Every structure is written in C-alpha cells, then in structure tokens.
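Summary of structural features
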Amino acid sequence: MKSIEIDRTKRLHDEPETGHNRFQPDIPALLEVNEGEEVVLDTLDGIDGQLGPTATEADFASFEAGLVHPLTGPIYVKGAQPGDVLEVEFLDIIAQPQAFSAILPGLGFLRDVCTTPFLVHWQMSEGWATSPQLPGVRIPGAPFMGISAVAPSHEQLRVWAQREQDWINTGGLAFPPDATGSVPHHEPVATEGLRTLPPRENGGNFDVKQLTKGAKLWLPIAVEGGLFSVGDGHFAQGDGEVCVTAVEMGATVAVRFRVLKDAAAFSHLRGPRFAHDDYFAPPEWAAPKRFIATMGLPIRDDGVNEGENLTLACRNALLNMLDLLQERGWSREQAYIICSVAVDLRVSNVVDVPNYVVSALLPEDIFQG
C-alpha cells in the first residue's frame, strides 16, 4: 500500500513535495500506482490551516485566498491515457478531530446580505460535530472529499481560463490565474495554473456530499497517468454549502483506481459521474427522517415575477429558512452556518411555469433537547 503523509502543523508551501493548489498539467506526479492498488492520502483542510482552533474573526483580515485549496497529489495511475475514464473508489475517509465553518465576507450564495464575519469551531467525537458557537446543535458526520480531480490538458487549460475570464468581463464573480500563494510557485504553473474554487469537467471542487465511503467517481482522463489529486475534506455539509464552507476538516482518505478503456457505458461522458451502492449516510439523515422546510419562488421583493429563474427561487428558499431559524432565536450568522452545514436545497419543480420551486429542508434532529 502506497501513501502520501503530511505534517499537519505545516502549510503546503512548507511541504511542496506533498501537493499543489493549482490545476496545470505540468505539475509532476508525486506517486505512481497500479490499478487496484490501495492508496492512502493525508490532506490538509480546505484553506491550508489558516483558521485553526485558536483563530477568531480578527484573523480574517490576514486571510490569504491564494492558499485555497491545498491538494494532495498528483497521483500517476499506470495505463491511464487521454480518452480513458478513471474510476475512483473511496474506501475510507477519516476525519481529524477539529474543524471550522466560517462566513467570509464577499463569498457565499448570500454574499450581498450576509456580510458579517463569523467563525465556528467544531469538535468531532463519536460521529458528531458540536460547537460552542452553536449551543444545542449536533451535526451527524458523513465525511467526504470536496475536491477530487484529474489534471486538465493544455488545451483545456486555455479554453477554461478564457471562458472564466469572459464571465469576469461580464461582471460575474470568478478567480483568474494568480501566482500569489501558488504551489508549485515556478513557471508556468504559478501564472497559468487554474484556481481550484470552481469545479470543471475534470472534477474539482464540486462539494458533492454523497461521495462518502463506498462511493465511486468517474472522471474523463485528459493527460497520461490521469494525475489525480484530492483535498478539501468535509465532515458534514448541507446540499448547497451556501455560506461557502461546510464542516471543514483535515482528513485521511483511502482510494483505489480502475482505468476504463473503450467503455461503452461512458461513451458520452463529458464530466464527472458518481454512484453509491448503499445509503451515502444513515437513512434517517440522508432522507431526512424529521424535517421542516421552506419554499422559494422566482419572485422578487418588489413583486416582479422572474419566471423560470431557478437561482432566484433558490435564494428565496434560503432567505425564508434564515427567517425561520431567526424566529427560533438564532442570530442571522448562526442561521447561515446551520444552513450551510445541515440544510439541503432541493429542486422541487422546473415545469410549473413561470414559478419553479426550490425547497430548503432542515433536519429537526440536529437540535438537542
């Protein structure tokens, strides 16, 4: 069994031989493995340890966005060639005992209305996360890796960088290549490497909470060896991760690879697919068993109907859930964190024009007493 071990007291730039924080095909592999071989990888938390157990909101001022996300890898899988499909089986995901969630101004789905910095420190024990910042809340663990990816080709790198710049040029929010904090810090990676925040066709930061132990992920391979990397462990998350953080943790993940060649079942694969042969979490939480929910419609505050605007429906479902939690005595900041780590956003319909519906489901059993 092969592995990559890290020193969790150090930042990625102190141990560049363990990983990277940009996507670029020239980043050399750190490990070479065979198909079917079990590989164990230590990972740092998604922001490279910048908000450790003693951090406070005052530390947000020195937050370095360029350090997000430290990934362990790349892993070269023997026999993998462009055009093949890499199957990644998650054999185990072991959480570190401490984690955080945070409202980082300027980020998150409601970044225009939730602008107050807020930091939650979690302690994990016996499968639950608890925090003094959210007294009486207990979040069940279902650990998964927020980022799993193969390397892009040079052509993909060029096309994806341009389309994201085009979005920025229209006034949209994205993060273009930037050498600040880049690991590796040499050229052409530093100035050309893609940032890790958005998921893309090669995988990446999709934050799909169903990718727990036992899940399989399929990724289209664009470079020899695939060059697989992983990071951004989450102990738990609501579908949506709305404040931009889940229960963010360091982790140790065990994976196994298969290379699928000329697989008819994947002949139309344009991006990631995933599957699970069992419940991704205990069924009473995956469903969940007891919940209360709010709905959102694509109707603005001024009463104007923005028909078929699923984003607006989602926003309204979430705002309505914040109101519900505040009615119960939680602050707006506490409510936003609860939504990010425990509330599932569900598309309820996309046919009842003009008003699509998004629902926000809150599991009642996270509240003790």
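Residues numbered from 1 in each chain as written. Predicted model: local features only at pLDDT ≥ 70, side-chain atom pairs only at ≥ 80, totals over all residues. Heavy atoms only, no water.

Another aspect to go through is the overall build of the protein. When helices and strands are tallied, the protein shows 5 helices and 18 strands. Here the C-alpha atoms of the protein give a radius of gyration of 20 Å, agreeing with the 21 Å that 2.2 N^0.38 yields for 369 residues. Looking at the protein as a whole, 52% of its 369 residues are labelled buried. Partitioning the intrachain contacts of the protein with sequence separation of at least 6 by distance along the chain shows that 78% fall at a separation of at least 24. For the protein, the exposed surface amounts to about 15,900 Å²; the carbon and sulfur share of it is 52%. Each charge class in the protein can be summarised by its mean position, and for the 27 positive and 50 negative side chains these summaries are 3 Å apart. (Helix = DSSP H or I, 4+ residues; strand = E, 2+ residues; numbered from the N terminus. Rg over C-alpha atoms; globule rule 2.2 N^0.38 Å. Buried < 20%, exposed > 50% of the residue type's maximum accessible area, 1.4 Å probe, protein only. Contact = heavy atoms within 4.5 Å. Areas by Shrake-Rupley, 256 points an atom, 1.4 Å probe, with all protein chains shown as cover. Lys, Arg positive; Asp, Glu negative; His and termini not counted. Charge placed at Lys NZ, Arg CZ, Asp CG, Glu CD.)

Time to look at a nonpolar patch on the surface. A surface patch of nonpolar side chains, about 330 Å² in accessible area, is lined by Leu-310, Val-347, Val-350 and Val-351. Summarising the element assignment, Val-351 is placed in the loop between strand 17 (344-349) and strand 18 (357-363). Take Val-351: its relative accessible area is 60%, and that puts it in the exposed class. (Patch = residues over 30% accessible without salt bridge, like charges linked within 9 Å, V, L, I, M, F, W, Y side chains within 5 Å. Salt bridge = Lys/Arg side-chain N within 4 Å of Asp/Glu carboxyl O.)

Moving on, we come to the nonpolar core. Among the nonpolar cores identified, the biggest contains 71 residues, and Phe-90, Trp-122 and Phe-257 are the most heavily contacted of them. Sorting elements by how many residues they give to this core places helix 4 (residues 310-327) first, with 9 residues. Leave out the neighbours within four places in its chain, and Phe-257 touches Val-33, Glu-35, Gly-36, Glu-37, Val-39, Ile-75, Val-77, Leu-86, Glu-87, Val-88 and Phe-228. Residues Leu-51, Phe-60, Val-68 and Phe-100 belong to the second largest nonpolar core, which totals 9 residues. (Core = buried A, V, L, I, M, F, W, Y, C linked by side-chain atoms within 4.5 Å.)

Before going further, it helps to examine the environment of His-276. Mapped onto the fold, His-276 is located in the loop between strand 15 (273-275) and helix 3 (283-286). Judged by its relative accessible area of 24%, His-276 is partly exposed. Note: C-alpha distance between His-276 and Ala-29 (247 residues apart in sequence) is 28 Å. Setting aside its immediate chain neighbours within four residues, His-276 contacts Gln-210, Thr-212, Lys-213, Gly-214 and Ala-215. Within the local environment of His-276, its side chain forms a polar contact with the backbone oxygen of Asp-278, the two atoms lying 3.2 Å apart. (Polar contact = N/O pair within 3.5 Å; in protein donor to acceptor, adjacent residues only side chain to side chain.)

This brings us to the pairing of strand 5 (residues 71-77). In terms of burial, strand 5 is a largely internal element, 7 of the 7 residues being buried. Note: strand 2 (residues 19-20) against strand 5, 2 bridges, orientation antiparallel. Paired with His-20 across the strands is Leu-71, a residue of strand 5. Of the pairings in the sheet, the one linking strand 5 to strand 13 (residues 226-234) comprises 4 bridges and is antiparallel in character. Residue pairing for strand 13: Leu-71 is matched across the bridge by Gly-231. (Pairing = 2+ DSSP bridges.)

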